[in-house]
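Residues per chain are reported as follows:
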Amino acid sequence: MKNINYEIERKFLIKNLPENLENFTHYEIRQGYISTDPTIRLRQQDDNYILTVKSAGLMKKQEYELNLTEDQFNRLWEKTEGNTIEKTRYVIPLNNGLKAELDVYKGFLSGFMNVEVEFPSTKEAILFDIPNWFGQEVTQDPRYSNSSLAKFGKPAKN
C-alpha cells in the first residue's frame, strides 16, 4: 500500500516523563537512511516495514510511504548510510483526539528523548495547547530531525 500525504507536526524536547509510561501503547522502531537529502528512510516498527520519502520542510512536509515485505526491507537496509536509529515510541493520548508520540532513543542516542504531535491542519498546530510535561520546542531546528540525529548524533545544548 502506498500513501502520499502532508505531515504537519510539532516537535519538543521532554521536561518530565508522563507517569505510568509503561501502560501506554508502544512500539520498537529501527530506522536507517538511504539518503538524507532528499530524505529516504527505511523503518521497521515491530513487524511492519516501511519505505518513506519526505520533502524538505520543518513543520509541514509532503510524505510518501510504501509498505515493504521483510525481504524487501532487508535488501534495502544494506543501502542505508551512517548510523541507524533505535527507539521505543510511546503513543500517549492528548486532548482533541491528538496523540503525542514520545521517542526514547537507544544505542548511540541513548538518554535522548523527544515528542512529536501530528495535526490535521496548520491552524490546529499553531493553536495547540502544549502539555506541561513537554519541554523546549525544536520544530524549527533541523538538528532535531531524525535524519540529522542519525547523521550527527545528539545536538549540543543551545
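Our subject is the structure listed above.
Residues numbered from 1 in each chain as written. Predicted model: local features only at pLDDT ≥ 70, side-chain atom pairs only at ≥ 80, totals over all residues. Heavy atoms only, no water.

J.: Please provide a residue-by-residue account of the environment of L42, values included.
T.: One can find L42 in strand β3 (residues 39-45). Owing to a relative accessible area of 0%, L42 belongs among the buried residues under this scheme. In this structure the C-alpha to C-alpha distance between L42 and E65, which are 23 residues apart in sequence, comes to 9.8 Å. The residues touching L42, leaving out its near neighbours within four places in the chain, are R30, Q31, G32, I34, I50, L51, L68, F73, L76, W77 and T80. (Helix = DSSP H or I, 4+ residues; strand = E, 2+ residues; numbered from the N terminus. Buried < 20%, exposed > 50% of the residue type's maximum accessible area, 1.4 Å probe, protein only. Contact = heavy atoms within 4.5 Å.)

J.: Give me the pattern of salt bridges: which residues, what numbers.
T.: In the structure shown here, the tally under the stated rule is 10 salt bridges. For the salt bridge of E137 with R10, the shortest nitrogen-to-oxygen distance reads 2.6 Å. With E137 in strand β9 (residues 134-137) and R10 in strand β1 (residues 2-14), the pair connects residues that are 127 residues apart, well separated along the chain. Among the residues examined, E137 registers a relative accessible area of 35% and is labelled partly exposed. Note on R10: relative accessible area 9%, which makes it buried. Across the salt bridge formed by E28 and K106, the nearest N and O atoms sit 2.4 Å from each other. Taken together, the residues span a long stretch of sequence, with E28 in strand β2 (residues 25-36) and K106 in the loop between β7 (99-105) and β8 (113-118) at a distance of 78 residues. (Salt bridge = Lys/Arg side-chain N within 4 Å of Asp/Glu carboxyl O.)

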